[in-house]
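So you can see what is in the structure, the chains are spelled out below.
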Amino acid sequence: MQRREFFKASAVAGLAVGLPDLTRSLTGRRAGSDFPQRLRERTARLRRLDDILGGGDTYLVYLGEYQATKALIREATYTEETGRALLSVLAEQAQQAGWAAFDGGVHNDATGLYEDSYQAATDAGDAALAGNALAFLAYQKVNGDRQAGIETAARSCETAGPVAPSGVRALLYERLAWAYAVAGLADETERALETAGAALTETSDEPQPDWVAWVDENELRIMTGRCWTELRRPLRAIPALESALAQYDDAHARDKSLYLSWLAESYMTAGEVEQAAAVTGRALDLCAGVSSVRPRQRLAPVLGQLSQHQDIPAVTDVLEKTRA
């Protein structure tokens, strides 16, 4: 907890002194052709905050960046090519702000930002970012309307297209696999995961956008485990999740606690109550103090199932930890 608070304080301090206000200095002036790239590099640096902080801590930071760039596009002057590049950065910033809103539980804001991102990316001619905006929308939709989630996720892959960078295709097909898994479609899930894996194995010198830098083989193992957990196939889910989480640093507390929740769920499905309790306790330790609504939401059903086994000491311990 103390370590996480130190990270948070350091991050906020870094924003104050390490990143100049690029947009304010250009309001009412001309933005040169190099400016969008400088802004994109700043956006990439700010994205690293999401590795250690929850959306409750980062949302206003990311939203402020998005609003500042939107004002710049409206008030500054620039060439048509620079304008398209600025719209692409705006789409990227809207997605990051939308993700933080989603993580912080502000779902209406997240939807609006994803929709704005899709429009900006489309206007910029950036098919990869437009596809990713749709993938974010699908991730939201699938819990309420599974068919709409699948359709939007499939459209995201089509929008990005086969010429999108391999990391982008891997990410979008992972999210399509997730939509299929939530809908209980095992064969479709497996095919989408295989397509994502094939994209990751491609060898190319093509640069990957920073917003997919986290997508690698370990991330694919995590998504594979999550999907098989949703499909109630613990013999497939548990090895994938355990292998991936063994390589996952505790500093990524929000994400690791989330992924542990799927592991705990698979252990419950397999009837391994003590192991599920141990994993749940670990997830609770990690998510304590994280400004994200998702870990506790994900753990709630597992805790409900564990409460039916209160005669087991390991379960009693984790339930007491929850109350504390």
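Further up the page is the structure itself.
Undergrad: Would you explain the packing of helix H14 (residues 294–306) against helix H15 (residues 313–323) in this entry?
TA: When two helices pack together, their arrangement is given by the angle between their axes and by how far apart the axes lie. The interhelical angle for the contact between H14 and H15, taken along N-to-C directions, is 140 degrees, at an axis separation of 11 Å. Here H14 lies oblique to H15, going by the angle between them. Relative to H15, the crossing made by H14 is left-handed. Mapping the contact onto sequence places Arg296, Leu303 and Leu306 in H14 and Val315, Val318, Leu319 and Thr322 in H15.

Undergrad: Help me understand empty space enclosed by the protein in this model?
TA: Empty space left among the atoms is revealed by rolling a probe the size of a water molecule over them. Per the stated rule, a full pass over the model turns up 2 cavities of 30 Å³ or more. Looking at the largest cavity, its volume works out to about 40 Å³. Forming the walls of the largest cavity are Thr43, Leu46, Arg47, Tyr62, Glu65, Gln93 and Gln96. Breaking the lining of the largest cavity down by element, the ones donating at least two residues are helix H2 (35–47), helix H3 (55–75) and helix H4 (80–103). A breakdown of the residues in the lining of the largest cavity according to their chemical character gives 2 nonpolar, 3 polar and 2 charged. If you add up the space inside the second largest cavity, you get close to 30 Å³. Lining the second largest cavity we find Asp50, Asp51, Ile52, Leu53, Gly54, Ala251, His252, Ala253 and Arg254. Here the lining of the second largest cavity is composed, by residue class, of 4 nonpolar, 2 polar and 3 charged.

Procedures and definitions
All residue numbers here refer to positions counted from 1 along the written sequence of the relevant chain. Where local features are concerned, this predicted model is filtered to residues with pLDDT of at least 70; where side-chain atom pairs are given and counted, the filter is 80 or more; whole-chain, interface and lining totals use all residues. Only hydrogens and water are set aside; all other atoms, that is, all heavy atoms of the structure, feed into the side-chain values. Axis definition: a line fitted to C-alpha atoms, limited for helices to the stretch in contact. Angles are taken between N-to-C directions and run from 0 to 180 degrees. Counting from the N terminus, the helices are the DSSP runs of H or I reaching at least four residues and the strands are the DSSP runs of E reaching at least two. Each angle is binned into one of four classes, with values under 35 degrees roughly parallel, values over 145 roughly antiparallel, values of 65 to 115 roughly perpendicular, and all other values oblique. Crossing handedness: left-handed means the near helix sits turned counterclockwise from the far one by under a right angle, and right-handed means the same turn made clockwise. By definition in these notes, contact holds between two residues if any of their heavy atoms fall within 4.5 Å. Using a grid of 1 Å spacing that covers the protein atoms alone, one calls a set of points a cavity when a 1.4 Å probe fits there but cannot get out, and a pocket when the set is open and has protein on both sides within 12 Å along at least five of seven lines; lining residues are those with an atom within 4 Å of a point. Grid points are joined across faces, edges and corners, and a volume is the space filled by probe spheres set on the points. Under the convention adopted here, Pro, Cys and the residues Ala, Val, Leu, Ile, Met, Phe, Trp and Tyr are nonpolar, Asp, Glu, Lys and Arg are charged, and Gly plus all remaining residues are polar.

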